[in-house]
Amino acid sequence: MIRQRAGDILKLRIEPLKCICCGLCEVACGLNRDSVLTPMTSSIILHIEDKSDYFGLVLKSKSEGLVVARPEGTASGQQASGSSGPGAKPILLREPCDLCGGKPKCAKACPTGCISTEG
Amino acid sequence: MYLRNGKIGIFDLSAGEPSEQEFSEELAKDDVSSIRVAERLAAEHGEDSLVLGTGLLTASFVPAACAGILWSRRGLVPILGHAGFELKMTGFDFIVVKGRAERPGYLWIRDGMMEFVESPWTSASDSWKRTDKIRSDQGDGKIQVLSTGPWGDAGKQAAQLVVDYWGGEDKVGMGSELGKRNLAAIAFRGMGEIELAEPEKHFEDSLLLIRDHVFRLGKSEGLSSFWKGADRDDFRKLLHRTVACYGCPYPCRSYLKVFEDPREMRMVEKEPGYLHYDVPALEKCFAYGLSASDATISLMKCARAGVEPASLLDGLLASGSKVGIKEVEAAAAKPSDIKNARAMNFESSFSDIEQYRSTLGLGVCPRYWSKIGFNFELLASYGQSAYGSPIGPA
């Protein structure tokens, strides 16, 4: 379980085993940043190794650096191990999550509750 | 223009050169169905063209907006998973492929550009190796690869196009359409953007629809939520995770692990199993007495070779052979002239083929929308906030 804080009020929580790989979070994040459909500016991206059915999410957060939410667990920090996968590289160049100013669109779009908010 | 890139790419393999034409707002509004646009483009560029394209709603927020298409005279193939989404983000709405390359290679599409990359190595590789190598050579694991295997290279009618690693979409022998053009694969990655007329309204309205669907459908159990044939003990015991296509809240894809414990969540084995969504292939496997494990291995062998599994199994039976993993492996390794079974997978979602074409042409998944109840007017109304004007007719 990953928690991202906005001040002391809001928390973003990721439970990777609930992820179904639909990608809505990625596109919702891009929509918040640029008001267009694009996965390229998202602060949250799908990490997929499809041949082995291994997938989860990578989040660039302000407080914890790069957060890698993998099926077997999570790790955070700029040097998070396992973050060198192909999907993780470009996220280092992106803006960190700003929680959409208090109403995270990724959590709103997630159909399974994999991403949720607390607080 | 909203929901569209406004650009059609044309690649003449014989000349080795790309060109472009405008996909104007007027043209786009004439026909919202990607299938009819593809047919029109083929009429313009030559009936032997291959046309790859996306629907108006592909990549939008309406539920299951994952679908693209690949059209040829041979038939129509849905392009699902994340491939439809990625294709839309390449900067092209449609790609027309003409001619035949002098030497084997693949078409590489991204950032509004197309190039033909020669690949002498493909003649010795199966479809999985093609996907692996193209992703590795181009340095991005999210590249979508539509590939042929040895069966497509040999131009066999039972050849199956493989999407990344999985078969299931192509039931018309599209693999051989690529093979006859010396085209080992079509690879693409979407890094562009699509404008929406009313982004916030489209997002909010679509989420209401998704929530309503989730409430009505509950939690998906994967393929068994769509097909009772998968609701068997040996299938359930091998289930690792269920996997959705882009934008789908109720996935039909079940990944079964056969070479490691299905409960293993770490990435240990590189090729531990197979992603099932090919109903007619599994139906045939079970009818011929294969277990879920043997069916999984059989489909894996077929996908690597690029042969349609139902056709292969029928061919085995017709030749008087036993049907087992060894026989499937041996037959898959030797491309032959077996008949294409023309089995229907996503096509059978609706009893009415026109409804299938309507959903697919719009860019949404036929299997999902048959489950929830396809309603063109409803979809069009939710798409209107993204498109900026009324959508129709289907």
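First things first, this report covers the structure right here in the doc. Since this is a predicted model, take the numbers as computed values, not measurements. (Residues numbered from 1 in each chain as written. Chains lettered and ligands numbered in written order. Predicted model: local features only at pLDDT ≥ 70, side-chain atom pairs only at ≥ 80, totals over all residues. Heavy atoms only, no water.)

## Describing the overall build of chain B
Note the threshold: For helices the rule is a DSSP run of H or I covering at least 4 residues; for strands it is a run of E covering at least 2, with both sets numbered from the N terminus onward. Taken over C-alpha atoms, the radius of gyration is set against a globule rule of 2.2 Å times the number of residues to the power 0.38. The cut-offs for exposure are 20% and 50% of the maximum accessible area for each residue type, with area from a 1.4 Å probe on protein chains only; residues under the lower value are buried, those over the upper are exposed, and the others partly exposed.
Assigned secondary structure in chain B consists of 15 helices and 15 strands. In terms of overall size, chain B behaves like a compact globule, its C-alpha atoms giving a radius of gyration of 20 Å where 394 residues would be expected to give roughly 21 Å. Viewed in the frame of its principal axes, chain B has a C-alpha envelope of about 55 × 55 × 40 Å. By residue count, 62% of the 394 residues in chain B fall in the buried class.

## Some details on helix α15 (residues 376-387) of chain B
All names here are of chain B. What counts, and what does not: The contact criterion used throughout is that any non-hydrogen atoms of two residues lie within 4.5 Å. Here a polar contact is taken to be a pair of N or O atoms separated by no more than 3.5 Å, where protein atoms must pair a possible hydrogen donor with a possible acceptor and residues adjacent in sequence count only if both atoms sit in side chains.
Among the residues of α15, those classed as buried are F376, L379, A380, G383, S385, A386 and Y387. Contacts from the buried residues of α15 go to α1 (25-30), β12 (194-195), α7 (199-217), α13 (353-362) and α14 (366-372). Of the residues flanking the start of α15, the one acting as N-cap is N375, its side-chain oxygen 3.1 Å from the backbone nitrogen of E377. Residue G388 follows α15 closely and has a positive phi angle near 90 degrees.

## Some words on empty space enclosed by the protein
Note the threshold: Here a cavity denotes grid points, spaced 1 Å and computed from the protein atoms alone, that fit a 1.4 Å probe unable to get out, and a pocket denotes an open set having protein on both sides within 12 Å along at least 5 of 7 lines; residues with an atom within 4 Å of a point are the lining. Grid points are joined across faces, edges and corners, and a volume is the space filled by probe spheres set on the points. Under the scheme applied here, ten amino acids are nonpolar (Ala, Val, Leu, Ile, Met, Phe, Trp, Tyr, Cys and Pro), four are charged (Asp, Glu, Lys and Arg), and all others, including Gly, are polar. An automatic or database domain assignment supplies the start and end points of every domain.
The full count for this structure, using the stated rule, is five cavities of 30 Å³ or more. The space that makes up the largest cavity amounts to roughly 430 Å³. Along its surface, the largest cavity is lined by 35 residues, and C21, I48 and D50 of chain A together with H82 and Q144 of chain B are the ones closest to its centre. Every element with two or more residues in the lining of the largest cavity is listed here: α1 (24-34) and β4 (44-49) of chain A together with α3 (83-88) and β14 (253-257) of chain B. With three residues, the top contributor of residues to the lining of the largest cavity is β4 of chain A. Looking at the lining of the largest cavity, its residues break down into 19 nonpolar, six polar and ten charged. Each of two domains, domain 1 (7-194 + 345-387) and domain 2 (222-332) of chain B, supplies a minimum of three residues to the lining of the largest cavity.

## Focus on the packing of aromatic side chains
All names here are of chain B. In plain terms, the rule: Two rings from Phe, Tyr or Trp (for Trp, the six-membered ring) form a pair when their centres are within 6.5 Å of each other. A pair whose planes differ by under 30 degrees is stacked, one over 60 is edge-to-face, and the rest are tilted. A ring is scored as having a charge over it whenever the NZ atom of a lysine or the CZ atom of an arginine sits within 6 Å of its centre and within 35 degrees of its normal.
The tally for this structure, following the rule as stated, stands at 13 aromatic pairs over all chains. An angle of 80 degrees between the planes, with centres 6.0 Å apart, marks the rings of W128 and W166 as edge-to-face. Taken as a pair, W128 in helix α4 (residues 127-138) and W166 in the loop between β10 (162-163) and α6 (174-179) lie far apart in primary sequence, 38 residues in all. On the basis of relative accessible area, W128 is assigned to the buried category, the value being 0%. Plain terms: the ring middles of W227 and F286 are 6.2 Å apart, the flat faces sit at 0 degrees to each other, and that makes the pair stacked. Of this pair, W227 sits in the loop between α7 and α8 (233-238) while F286 sits in helix α9 (residues 279-287), placing them 59 residues apart in sequence. The exposure class assigned to W227 is buried, which follows from its relative accessible area of 14%. Taking relative accessible area as the criterion, F286 reaches 15% and is therefore assigned buried. Taken together, the ring pairs connect W128, Y165, W166, Y255 and Y274 into an aromatic cluster. Geometry around F346 places R367 over its ring, the cationic atom sitting 4.2 Å from the centre.

## A short note on the interface of chain A and chain B
Counted only if it meets this: Any carboxyl oxygen of Asp or Glu that lies within 4 Å of a side-chain nitrogen of Lys or Arg is treated as forming a salt bridge with it. Note on pairing: DSSP must find at least two bridges between two strands before they are called paired.
With 35 residues of chain A at the contact, the number on the chain B side is 52 residues. Our count for the chain A to chain B interface comes out at six salt bridges. Linking K142 of chain B and E26 of chain A is a salt bridge whose minimum nitrogen-to-oxygen distance equals 3.8 Å. The interface formed by chain A and chain B contains 16 residue pairs in polar contact (both at pLDDT 80 or more). Elements represented by at least two residues in the side of chain A that touches chain B include exactly α1, β3 (36-37), β4, β5 (54-61) and α2 (105-109) of chain A. The element contributing the most residues to the side of chain A that touches chain B is α1 of chain A, with five residues. By residue class, the composition of the side of chain A that touches chain B is 22 nonpolar, five polar and eight charged. In terms of strand pairing, β3 of chain A meets β12 of chain B through two bridges, oriented antiparallel. Of the residues in β12 of chain B, the one forming a bridge with V36 of chain A is E195 of chain B.

## Description of the sheet that holds strand β2 (residues 17-22) of chain B
Residues and elements named next belong to chain B. For the record, the criterion: Whenever a helix is involved, its axis is fitted only over the stretch in contact; in every case the axis is a line through C-alpha atoms, and angles between N-to-C directions fall within 0 to 180 degrees.
One open sheet holds the six strands; their spatial order is β2-β1-β6-β3-β4-β5, and the pairing between them is mixed. Edge positions in the open sheet fall to β2 and β5 (75-79), since each of these has one partner strand only. Sheet twist, expressed as the average angle between the axes of neighbouring strands with direction ignored, equals 20 degrees. Alignment of strand β3 (residues 50-54) against strand β4 (residues 68-72), held across four bridges, turns out to be antiparallel. Looking at β4, one finds that V51 is bridged to W71. Relative to the sheet, helix α2 (residues 34-45) contacts β1 (7-12), β2, β3, β4, β5 and β6 (94-98), its axis offset from that of β6 by approximately 35 degrees. With respect to the sheet, α13 is in contact with β4 and β5, its orientation differing from that of β5 by roughly 50 degrees.

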